[in-house]
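This is what each chain is made of:
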Amino acid sequence: MLRIGVCGLGTVGQSFLRHITEHQSKIRSNVSVDFEISMIADRSIKSKKYPKNIAVTNNILDMASSSDVDIIVELVGGIDASYELLKNAINNGKHIITANKALIAEHGDELFSLAKKNNIYLGFEASVAGAIPIIKTLSNSMANEEILSLAGIINGTCNYILDQMSSYNLDFNDALDEAKKLGYAEADPTFDINGMDAAHKISILTSLVYKVASPLKHIYIEGIENITPMDMIYAKELGYCIKHLGITKKDGDFIESRVHPVLVPIDNVFSKINGVKNSILINGDKFGTSMLYGNGAGGDATASAVISDLVDAINYVSNENKTSNYSIGSIGTSSLQIKNNSDISSPFYLRIHAEDISGVMAEITNILASEEISIEAVTQHEPNDANSLIPIVMITNAVKGSLIDDAIKQIELLEHVKDKVYKIRVFKIDEK
Ligand code: HSE
């Protein structure tokens, strides 16, 4: 009988316990030895609902040394206490399942190597994209592939907000309030909207796919805070919608790894991913293109991913040969470098506010021409009244980030250009 300790009874922890109770026979049919929940840890255990015949503690660190626990399911979140818990637990020979993306993105290298050294199962399927089985797909199903690129909508809150802004003309803050009410956003939604949550996820996927150490430090991170309903309308006029994507991609000896808003052509599959849904598009050198789609957030979706790790962990522990779970063993061994954002090429969307004076457009296009940037599409809008600024919106050809930044600096210095120029990359990935 394997004994499972559950740390954290928040939304995911509660769903996990419910699934274990309600779907026992289904889960048991997939494991080679029996199991039971032997201990629960939660800082405010007194206020939580849990089966009364189980040992409890309000100190999650107790679990690391408990002789009543073989596998720990960490659903606490945060970094410091969870890091302490997992490190001690692995050193004490306990197997681990975690949904903690921030922890894996920050300390994954160390925890993976510690787990490998101690023959410990470390499952983190639930840390990226909820119910979408991206970790197992990349580690197992795509083990024979060189992954050329991976791009995904991996923050449900951002996708929900952008979708609401575009479909219902909602303001950013109203859409965010809705996302909070529906329970999609993190406790501190700053991490969703400033791109950090997606950065944690793309960092984990970058480690897994390209085996580089600590990608998080080098990832370019931009959120959706500066996108306005105006950008939604202009993008639509030009045949695009705005999405927030995480991208990781091989380019020779370099990797592009980044999260930021992008303009996606309206006929691209990402433009159809609405609401809180996540989706990940993978390009491999042999299978070509494959796409995964599903619920990226929410108690049931995340708990389901945790249970898939639980099944793996139980089968791993009961298998003398300890053969699964070791694509993580080589993480951190690659010498590939992550490119600076300024060296990454793509087309750009530019929104410029200028006074309605003849010659301004010519000045702007001259600056772009002097940097050898060509304009693929442009729209100029009527001012609201005689004194207001005219928004000029354009899409450039594919150019390096440094080049567009140089051009923007010069455009912002023009006498009749007011406000900051806002840029968004346009999504462009070659599918095999
Ligand atoms: N806040 C996250 C999201 C939850 O919106 O995607 C899942 O990681």
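Residues numbered from 1 in each chain as written. Predicted model: local features only at pLDDT ≥ 70, side-chain atom pairs only at ≥ 80, totals over all residues. Heavy atoms only, no water.

K.L.:
How should I be thinking about the overall build of the chain in this particular structure?
P.N.:
Helix and strand counts for the chain stand at 14 helices and 19 strands. Relative to its length of 432 residues, the chain is compact, with a C-alpha radius of gyration of 24 Å against a globular reference of 22 Å. Based on the C-alpha atoms only, the size of the chain along its principal axes is roughly 80 × 45 × 35 Å. Residues counted as buried form 54% of the 432 residues belonging to the chain. Sequence separation of at least 24 residues holds for 73% of the intrachain contacts in the chain that already meet a minimum separation of 6. (Helix = DSSP H or I, 4+ residues; strand = E, 2+ residues; numbered from the N terminus. Rg over C-alpha atoms; globule rule 2.2 N^0.38 Å. Buried < 20%, exposed > 50% of the residue type's maximum accessible area, 1.4 Å probe, protein only. Contact = heavy atoms within 4.5 Å.)

K.L.:
Where do I start with the side chain of Thr206 in this structure?
P.N.:
Position of Thr206 relative to the elements: it lies in helix H10 (residues 196-210). Overall, the relative accessible area of 0% leaves Thr206 in the buried class. Of the polar contacts made by the side chain of Thr206, one reaches the backbone oxygen of Ile202; its length is 2.6 Å. (Polar contact = N/O pair within 3.5 Å; in protein donor to acceptor, adjacent residues only side chain to side chain.)

K.L.:
Can you walk me through helix H5 (residues 101-117) in this structure?
P.N.:
Residues that lie three or four places apart on an α-helix share one face, since the helix turns once every 3.6 residues. A bend of about 80° at His107 is the largest found in H5. Among all positions of H5, only Lys101, Ala102, Leu103, Ile104, Ala105, Gly108, Leu111, Phe112, Leu114 and Ala115 are buried. Those residues of H5 that are buried are in contact with strand E4 (71-74), helix H4 (80-91), strand E5 (95-98), strand E6 (122-123) and H10. At the N-terminal boundary of H5, the capping side chain belongs to Asn100, with an oxygen 3.4 Å from the backbone nitrogen of Ala102. Backbone geometry just after H5 places Asn119 at a positive phi near 55°. (Bend = angle between axes of the 7 residues up to and from the residue.)

K.L.:
Explain the site of the ligand to me, please; I cannot follow it from the model alone.
P.N.:
Close to the ligand lie Lys101, Asn155, Gly156, Thr157, Tyr184, Glu186, Asp192, Asp197, Lys201, Gly296 and Ala297. Taking Lys101, its side chain carries an N or O atom lying 2.6 Å from an oxygen atom of the ligand. Within the contact set of the ligand, a nitrogen atom lies 3.0 Å away from a backbone nitrogen or oxygen of Tyr184. Alone, the ligand offers 250 Å² of accessible surface; in the complex the protein occludes 90% of this. Every element with two or more residues in the shell around the ligand is listed here: helix H7 (156-168) and H10. (Near = heavy atom within 4 Å. Areas by Shrake-Rupley, 256 points an atom, 1.4 Å probe, with all protein chains shown as cover.)

K.L.:
How should the nonpolar core be read in this particular structure?
P.N.:
Nonpolar side chains tend toward joint burial in soluble globular proteins. Judged by nonpolar contacts, the single largest core of 54 residues is most densely connected at Ile134, Leu138, Leu205 and Ile282. Of the residues that make up this core, three or more belong to each of domain 1 (2-130 + 299-329) and domain 2 (136-295). The residues touching Ile282, leaving out its near neighbours within four places in the chain, are Ile134, Leu138, Met142, Ile147, Ser149, Leu150, Phe287, Gly288, Thr289, Ser290 and Leu292. Ile4, Val31, Tyr50 and Ile54 belong to the second largest nonpolar core, which has 31 residues in total. (Core = buried A, V, L, I, M, F, W, Y, C linked by side-chain atoms within 4.5 Å. Domains from an automatic or database assignment.)

K.L.:
Whenever I open this one, the environment of Glu145 confuses me. Can you help?
P.N.:
Residue placement: Glu145 occurs in the loop between helix H6 (134-141) and strand E7 (147-153). Classification of Glu145 as buried rests on a relative accessible area of 16%. With 63 residues separating them in the primary sequence, Glu145 and Leu208 have C-alpha atoms 13 Å apart. Excluding anything up to four places from it in sequence, Glu145 contacts Gly284, Asp285, Lys286 and Phe287. Polar contacts involving the side chain of Glu145 include one to the main-chain amide nitrogen of Phe287, which spans 3.3 Å.

K.L.:
Help me understand the packing of aromatic side chains, please; the structure alone is not making it clear to me.
P.N.:
In this description, a pair of aromatic rings is defined by centroid distance and the angle of the planes. A full pass over the atoms with the stated rule returns 4 aromatic pairs. The interplanar angle of 75° and the centroid separation of 5.6 Å between the aromatic rings of Phe270 and Phe427 together place this pair among those described as edge-to-face. Here the residue Phe270 occupies a position in the loop between strand E10 (254-265) and strand E11 (277-284), and Phe427 occupies one in the segment after strand E19 (417-426), the gap between them amounting to 157 residues. As far as the burial class goes, Phe270 and Phe427 line up, both buried. The positively charged end of Arg28 is found above the aromatic ring belonging to Phe35, 4.6 Å away from the centroid. (Phe/Tyr/Trp six-rings, centres within 6.5 Å; stacked < 30°, edge-to-face > 60°. Lys NZ or Arg CZ within 6 Å of the ring centre and 35° of its normal.)

K.L.:
I'm lost on the sheet that holds strand E1 (residues 2-7) in this one. Help?
P.N.:
The pairing of strands in a sheet comes from backbone hydrogen bonds and takes either a parallel or an antiparallel form. Ordered by their spatial adjacency, 6 strands build an open sheet running E3-E2-E1-E4-E5-E6, and the pairing between neighbours is parallel. This sheet does not close on itself; its edge strands, each paired only once, are strand E3 (55-57) and E6. Looking at chain direction, E5 and E6 are connected through 2 bridges and run parallel. Bridge pairing in E6 links Ile96 to Leu122. Here H4 sits on the sheet in contact with E1, E4 and E5, set at roughly 170° to E4. Packed on one face of the sheet, helix H12 (residues 299-317) meets E1, strand E2 (35-41), E4, E5 and E6 and runs near 170° to E5. (Pairing = 2+ DSSP bridges. Axes fitted to C-alpha atoms, helices over the stretch in contact; angles between N-to-C directions.)

Nothing here speaks to function; it is all geometry.
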